[in-house]
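# Summary of structural features
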Amino acid sequence: MAVYQSQAVAFAQYATAQVAYHEQALALHELDGTGCCRFCGRAWPCDEARHSRRMVDHFSQWALIDEPAPTSGLVRTYLKGCRP
Ligand SMILES: [Zn+2]
């Protein structure tokens, strides 16, 4: 049981790191004034932004902190566009 619990903590730490990493990627791949990604220049949301958004959604289930980063205003905009 103790081994199981420590694995759960380790996975929560991994999930937390994944969320932090992908929130940083989302902050880079933000919408510019022309409808393109500010970082890679492709139509926004670019592949990286979509992938990172999915990863944040996925790993937030287990992350130790699930509050969006202060810089993630674009994330909320993106989420609104995807919800029915
Ligand atoms: Zn991009």
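A count of helical and extended segments in the chain gives 3 helices and 0 strands. Taken from N to C terminus, the helices and strands of the chain fall in the order α-α-α. Sorting the 84 residues of the chain into buried and exposed places 17% on the buried side. In the chain, once contacts between residues fewer than 6 apart in sequence are set aside, the share between residues at least 24 apart is 58%.

This part covers the environment of D47. Tracing the chain through its elements places D47 in helix α2 (residues 47-59). The sequence separation of D47 and H29 amounts to 18 residues, and the corresponding C-alpha distance is 9.4 Å.

Of all hydrophobic cores here, the largest spans 7 residues; its members are V19, L26, C37, W44, A49, V56 and F59. Looking at this core, the element that brings in the most residues is α2, giving 3 residues. With residues near it in sequence (within four places) discarded, A49 still touches L26, H29, C37 and W44.

Below, the discussion takes up the environment of C40. Mapped onto the fold, C40 is located in the loop between α1 (2-28) and α2. Residues C40 and H29, 11 residues apart in the sequence, show an inter-C-alpha distance of 7.0 Å. When sequence neighbours within four positions are dropped, the list of residues in contact with C40 reads H29, C46 and E48.

Taking 1.5 Å of rise per residue, 13 residues should cover 18 Å, and α2 covers 18 Å from first to last C-alpha, within 8% of that figure. The complete set of buried residues in α2 reads A49, S52, R53, V56 and F59. Buried residues of α2, seen end-on, are gathered within an arc of 145 degrees and therefore sit on one face of the element. Among the exposed residues of α2, those oriented more than 90 degrees off its buried face are D47 and R54.

Summarising the element assignment, A63 is placed in the loop between α2 and α3 (73-82). Spatially, the C-alpha atom of A63 lies 5.2 Å from that of A12, the residues being 51 residues apart in sequence. The contacts of A63, once residues within four sequence positions are left out, are A12, A15, T16 and V19.

Each value, and the rule that gives it
- Residues numbered from 1 in each chain as written.
- Predicted model: local features only at pLDDT ≥ 70, side-chain atom pairs only at ≥ 80, totals over all residues.
- Helix = DSSP H or I, 4+ residues; strand = E, 2+ residues; numbered from the N terminus.
- Buried ≥ 20, exposed ≤ 12 C-beta atoms within 10 Å, placed from the backbone.
- Contact = placed C-beta atoms within 7 Å.
- Core = buried A, V, L, I, M, F, W, Y, C linked by C-beta atoms within 7 Å.
- Expected span 1.5 Å × (residues − 1).
- Arc of directions from axis to C-beta.

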